[in-house]
Amino acid sequence: MDKWWKNSVVYQVYPRSFLDTNGDGIGDLNGIIEKLDYLKLLGVDAVWLSPVFKSPNDDNGYDISDYRDIMDEFGTMEDMERLFAEAEKRGIRIIIDIVANHTSDEHPWFQEAKKSRDNPYREYYVFRDNVDGKVPNSLESVFSGSAWEYQEETDSYYLHCFSKKQPDLNYENPKVLKEMIDIENFWIDKGAGGFRLDVIENIGKIPDEEIIVNGPRLHEYIHEMYKQAFSRKDLLVVGECWAADEQIGKLYSNPAREELSMIFQFEHIGLDEVEGEGKWSLKPLNLLDLKRILSKWQNAFHGDGWNSLFWNNHDLPRIVSRFGDDGTYRVESAKMLATLLHGMKGTPYIFQGEEIGMTNISLATIDEYEDIETLNMYREKIAEGWTDEKLMESIHAKSRDNARTPMQWTDGLNAGFTSGTPWFAVNPNYKQINVEAALRNPDSIFYHYQKLVRLRKEKKVLVDGDYRLLCADDPDIFAYARILDGQVVVVVCNFHGDAREVSVMDELAGLTGGRGEEYKILLSNYKDSGCDLSRLELRPYEAVMYELA
Ligand code: GLC
Ligand code: CA
């Protein structure tokens, strides 16, 4: 039997911003339980929850102080058990987000480790002496500044690749790996359907050589997790791997190697950055780049790896604002982007609110932002002489907070997210963009996603078919075919706000052995889309999925 996750779609919930049920302004587990029927209606098979564990929330739960207990604001372990049970009743699996690379500095291990140089937990973390009165080396934190923080009690520095409240664990100490495997087994026993492994590529770090990602023993550690935890059940395990290329992707996801089901790689996500200048730099997307990168990953694996497919998550701006048009053609472009992604080979992920076309937010001042990465970057760059105006422009385009505005359920108070004061700004466009309105309208983005999720279940070619890029050189049209034993699906997407013409028939005939003049429409984001593949006139952001009749 093939793996369940191959024809599945996963929905990511960012619990803090999903639904608040007790009026404290913070989303909670009961809120997720309340919306399971909504997720069932969308048709998803699994829900990935961003971390729900005890945390001082320096990085919204990615700083964990107890991996076996629930964050007070989110609820209790009983609530969590009820969530597992209620999800199971609806055939939905719960994917747990494990932060294996670091803990909170308030985790008891770190509290012990910092007490003295000979504390038994000292080797759980990465402590080093100063070098000539300075930090041990030039490693930098992803959240700005040095990756080393001075620790007075023992006159030493500890490593933190992220915030200084997220000290890095030391996997060169076998006890750490053992602890993490025990935690994974704890959640498997509770009923987890799988894991999302936060920045897992960092755990093989060799800090003294300034090696952080893709360290020499990384795959050995992951294989050990597989043997002692993941292989116990039929789980989906996805690793967050920013630095992976296709070869590395195979190391992780080739089933023969017994590591992960798939990885998140981010090559397509960096295409609107100026090369070498990092995520805050701004550059318009060149569609030819997107075609090249996505096609490269589509063609990378042949039974020796598997892709995840995603546009969004809690760290990324909203795709309709990013690669689509969140003004005039918001609905059309959101559906176009969905069609493009869900027609590909791999496991699609939907981030909360994507299914109703939620957009970025532009808050007027930096004080209104919450995300630690955004705030630290702003402080650092202002000190370096950047202007507020320039930085706010980048923040509006790229801040992680774009993804973290509360879910828009209704056009009522606080978009139906909370009866209290929301922990973070609600996007003012909730009056138009909300779940209630989407469910009322048969042409909504929501129902488009619902159809895409269903098609993946119905059409084997969408799961297993080969991928072939069509009209590779066209700068405005992204078109491709999926082919499996005589079944053919063709996806044609206009990435442009103007009409475009394209012919894919000749190329298609070459791939399918000359057969198939007759194509029928499986799905479109317009009424009356054309069916003559030798001459398609596409309207702005028009996207059509065809099937060989
Ligand atoms: C991952 C998470 C991000 C977090 C970071 C540190 O990239 O997705 O939200 O800040 O790891 O844990
Ligand atoms: Ca709450």
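Residues numbered from 1 in each chain as written. Chains lettered and ligands numbered in written order. Predicted model: local features only at pLDDT ≥ 70, side-chain atom pairs only at ≥ 80, totals over all residues. Heavy atoms only, no water.

### Points about the nonpolar core
At step 1: Ranked by internal contacts, the top residues of the largest apolar core, which has 149 residues, are Met80, Trp187 and Phe478.
At step 2: In contact with Trp187, not counting residues within four places along its chain, are Phe53, Tyr67, Arg68, Ile70, Met77, Met80, Phe84, Ile96, Ile98, Ala192 and Phe195.
At step 3: Residues Cys471, Leu536, Leu538 and Leu548 belong to the second largest nonpolar core, which totals 19 residues. (Core = buried A, V, L, I, M, F, W, Y, C linked by side-chain atoms within 4.5 Å. Buried < 20%, exposed > 50% of the residue type's maximum accessible area, 1.4 Å probe, protein only. Contact = heavy atoms within 4.5 Å.)

### Details of the environment of Phe417
At step 1: Tracing the chain through its elements places Phe417 in the loop between α12 (388-398) and α13 (435-440).
At step 2: Along the primary structure Phe417 and Phe162 are separated by 255 residues, whereas in three dimensions their C-alpha atoms are 30 Å apart. (Helix = DSSP H or I, 4+ residues; strand = E, 2+ residues; numbered from the N terminus.)

### Considering the domain arrangement of the protein
At step 1: By the assigned domains, the protein splits into domain 1 (4-102 + 174-447), domain 2 (108-159) and domain 3 (463-548).
At step 2: Taken together, the contacts link 17 residues of domain 1 with 14 residues of domain 2.
At step 3: For the pair domain 1 and domain 2, the summed buried surface comes to about 1300 Å²; carbon and sulfur atoms form 59% of the total.
At step 4: The three residues of domain 1 that bury the most area against domain 2 are Glu179, Pro207 and Glu210, which together make up 33% of that side's buried surface.
At step 5: On the surface where domain 1 and domain 2 come into contact, there are one salt bridge. (Domains from an automatic or database assignment. Buried area = accessible area lost by both parts, 1.4 Å probe. Salt bridge = Lys/Arg side-chain N within 4 Å of Asp/Glu carboxyl O.)

### Points about empty space enclosed by the protein
At step 1: Counting across every chain of the model gives six cavities of 30 Å³ or more.
At step 2: Considered as a void within the structure, the largest cavity measures approximately 70 Å³ in volume.
At step 3: Listing elements by their share of the lining of the largest cavity, those giving two or more residues are α8 (287-298) and β12 (308-309).
At step 4: With three residues, α8 is the largest single contributor of residues to the lining of the largest cavity.
At step 5: In the lining of the largest cavity, the residues fall into six nonpolar, five polar and no charged.
At step 6: For the second largest cavity, the calculated volume is near 50 Å³.
At step 7: What lines the second largest cavity is simply Asn312, Ile319, Val320, Ala334, Glu354, Gly357, Met358 and Tyr449.
At step 8: Split into classes, the residues belonging to the lining of the second largest cavity amount to five nonpolar, two polar and one charged. (1 Å grid on protein atoms, 1.4 Å probe; cavity = no way out; pocket = protein on both sides within 12 Å on 5 of 7 lines; lining within 4 Å. Points joined across faces, edges and corners; volume = space filled by probe spheres on them. Nonpolar A, V, L, I, M, F, W, Y, C, P; charged D, E, K, R; others polar.)

### Quick look at the site of ligand 1
At step 1: The environment of ligand 1 is made up of 14 residues, and the closest members are Asp59, Asp198, Glu240, His314 and Asp315.
At step 2: One of the side-chain N or O atoms of Glu240 is found 2.8 Å from an oxygen atom in ligand 1.
At step 3: Between Asp315 and ligand 1, the recorded distance is 2.5 Å, taken from a side-chain N or O atom to an oxygen atom.
At step 4: Contact with the protein chains hides 97% of the accessible area of ligand 1, taken as 310 Å² for the molecule alone. (Near = heavy atom within 4 Å. Polar contact = N/O pair within 3.5 Å; in protein donor to acceptor, adjacent residues only side chain to side chain. Areas by Shrake-Rupley, 256 points an atom, 1.4 Å probe, with all protein chains shown as cover.)

### Looking at the sheet that holds strand β11 (residues 262-264)
At step 1: Taking strand neighbours across the sheet as the criterion, the eight strands line up as β11-β10-β9-β5-β2-β1-β13-β12 in an open arrangement whose pairing is parallel. Strands with a single pairing partner mark the edges of an open sheet, and in this sheet they are β11 and β12.
At step 2: In the sheet, strand β10 (residues 236-240) pairs with β11 via three bridges, with the strands oriented parallel. If you follow Gly239 over to β11, its bridge partner there is Ile263. (Pairing = 2+ DSSP bridges.)

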